[in-house]
Structures are given as C-alpha cells and as structure tokens.
Amino acid sequence: MNIVLLGPPGSGKGTQGQLLAEDFNLVQLSTGDLFRQILQDPGHPLYDKLQVVKQGKLVSDEVVNAVVEDALTKLKNAKGVIFDGFPRTVAQAEALDKMLNSMNKKVDVVINFDVTKHVLLHRLLGRRICPNCKRIFHIRQGYTECPDCRVQLITREDDNEEVIMKRFNEYNEKTAGVKEYYLNSSDCVFINLTVDDPDITAEEVHNEIVSELAKKGLAQ
Ligand SMILES: [Zn+2]
C-alpha cells in the first residue's frame, strides 16, 4: 500500500506517517529528510543539484523527482511507501504515477490533513525548541528547559502568527492542484481528515485514519 500525505506544515502529517509506517510496516519517505541525507553525502550523484537548498532556494520539480526516484529504486522490496512532503505540484504527482507504474505499483491512498487555522496557530504558537539539540516541544508538555541538554527552550523566530498564516496560505495555493489531481483520480482512495480540535491527540487522529482505512477495506 502506497500512501500520499497532504497537509500544511504543522498539520501533524509527519507524526501520522510514522504511526502508519509502524502499524502497516511501510517505509516513510520524507523529502525533507532525503534532502538532508544527500546534503551530508558529497559522493551522492544528486549532491551538487541540491545545493540550492542551502541557499534557501526552491528545488525544481526535476530535482525533487530525481531524489524521490533514487530513493524509490532502493525500496523496491518495501511493502509500501508513505510519501511525506511529496508531491507538492501536479508535475510531481504525474512523475510519481509514472515511477510507480514502472514498478507495477500505484498510489493507493491519499490522506488530506484539512487543519483549521485555529488548530494550526494553537499548535505552532505553542511550539518551543531546544537551541542545542533542536528537539521540539509544546508548552502544554510543561517544559521550560530541554530535559536532555538542560538549556532554556526558545520560540523559533518564524513561529509567529504572520509567518504561520503566510506559510499556510502559500501551501494552500501551491497544493490546490495536487488535491484536485488526486480527487479526480479513480485509481486511489482519497481520505479527507478534518482536524478542528486543537486538543486532539496524535493517537486519536491515528485511530481515525485507521478506521477510515478499515471502512475502505484497506486496514489489514
Ligand atoms: Zn536539547
């Protein structure tokens, strides 16, 4: 089973991807993680092309697709893959279909995390980070310092309402086409998950996803 996760930064899709990967024995493929791995390996064939990431520039569809294809060929024998942070454009979605087709596979499920502005702000404005190990906490956990590093937690500079809303709107504009693409595809199951309760736990969201998958006969 191959799953695509769609959702803005702060939607919790990364965490949900981890839980699904554990439950269904799938491999989670986060493009952010792949970029970081390649950038630490100067011998990697895509190392030079990814230098734009360090300059804070956007990575072209062509390069993103090459990164994903490279990772997928190494995962030929996986039971399934969870795509986190990809595809972000229609061109990437089309490329992914082609890659999977050539392996006699397809996107089976798309899970769209429809998070309200209210929930997003609650989550991200309450976020605190350890300046040393970069671990992320939420004020409701009650920490003021990192339990490992014993240093004061800080608020990330871009975790303010203006930046969060800008990212949210940009995300929606950019990915509207991808959502349409999968909604119009007869080949995959599209699950829309509305997250409008700021206090919902990751476990509760996970249970909702598993129950939706079960309804479609996909949760064995
Ligand atoms: Zn720390």
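Above this note sits the structure.
A brief look at the structure comes next. (Residues numbered from 1 in each chain as written. Predicted model: local features only at pLDDT ≥ 70, side-chain atom pairs only at ≥ 80, totals over all residues. Heavy atoms only, no water.)

### What to know about a negative patch on the surface
We count it as follows: For patch building, the residue pool is restricted to those with more than 30% relative accessible area and no salt bridge; the joining distance is 9 Å between like charges and 5 Å between nonpolar side chains (Val, Leu, Ile, Met, Phe, Trp, Tyr). Each accessible area value is a Shrake-Rupley result obtained with a 1.4 Å probe; residue values ignore everything except the protein chains displayed when judging cover. For this analysis, a salt bridge means a side-chain nitrogen from Lys or Arg found within 4 Å of a carboxyl oxygen belonging to Asp or Glu. By the counting rule applied here, Lys and Arg register as positive and Asp and Glu as negative, while His and the ends of each chain are not counted. Note that the charge is assigned to NZ on lysines, CZ on arginines, CG on aspartates and CD on glutamates. A helix here means a DSSP run of H or I that spans at least four residues, while a strand means a run of E at least two residues long, and both kinds are numbered starting from the N terminus. When a residue's accessible area, from a 1.4 Å probe over protein chains only, is under 20% of the maximum for its type it is buried; when over 50% it is exposed; and in between it is partly exposed.
On the surface, a cluster of negative charge is contributed by Asp196, Asp197, Asp199, Glu203 and Glu204. Positionally, Asp199 belongs in the loop between strand 7 (189-195) and helix 8 (202-215). A relative accessible area of 56% places Asp199 in the exposed class.

### Considering the coordination of the zinc ion
Metal coordination angles in their ideal form are 109.5 degrees for the four-donor tetrahedron and 90 or 180 degrees for the six-donor octahedron. The criterion, for reference: Water is not part of the atom set, so a site may look incomplete; the donors themselves are N, O and S atoms within 2.8 Å of the metal, or 3.2 Å for Na, K and Ca. Square planar and octahedral sites, with four and six donors, are those where opposite donors lie more than 155 degrees apart and all other angles lie between 65 and 115, tetrahedral sites have four donors with every angle between 85 and 135 degrees, and the rest are irregular.
Protein-derived coordination of the zinc ion comes from Cys130 (SG), Cys133 (SG), Cys146 (SG) and Cys149 (SG), at a distance range of 2.3 Å. Every donor counted, the four donor atoms about the zinc ion form angles of 103 to 113° at the centre, which fits tetrahedral coordination. Considered as a linear motif, the donors of the zinc ion on their single chain read C-x2-C-x12-C-x2-C. Separated by 16 residues along the polypeptide, Cys130 in the loop between strand 5 (127-129) and strand 6 (136-138) and Cys146 in the loop between strand 6 and helix 7 (161-183) bring together distant segments of the chain.

### Observations regarding the nonpolar core
Quick note on the threshold: To define a nonpolar core, start from buried Ala, Val, Leu, Ile, Met, Phe, Trp, Tyr and Cys residues and group those joined through side-chain atoms within 4.5 Å. By definition, residues are in contact when any of their heavy atoms lie within 4.5 Å.
The biggest cluster of nonpolar side chains holds 32 residues, and the ones touching the most others in it are Phe83, Leu96 and Tyr182. Of all the secondary structure elements, the ones that give two or more residues to this core are strand 1 (3-6), helix 2 (31-39), helix 4 (61-73), strand 3 (81-84), helix 5 (90-102) and helix 7. Broken down by element, this core gets its largest block of residues, six residues, from helix 4. Residues within four places of Leu96 in sequence aside, it is in contact with Val4, Leu72, Phe83, Phe86, Pro87, Val107 and Tyr182. Membership of the second largest hydrophobic core comes to 25 residues, among which are Ala21, Phe24, Leu121 and Ile209.

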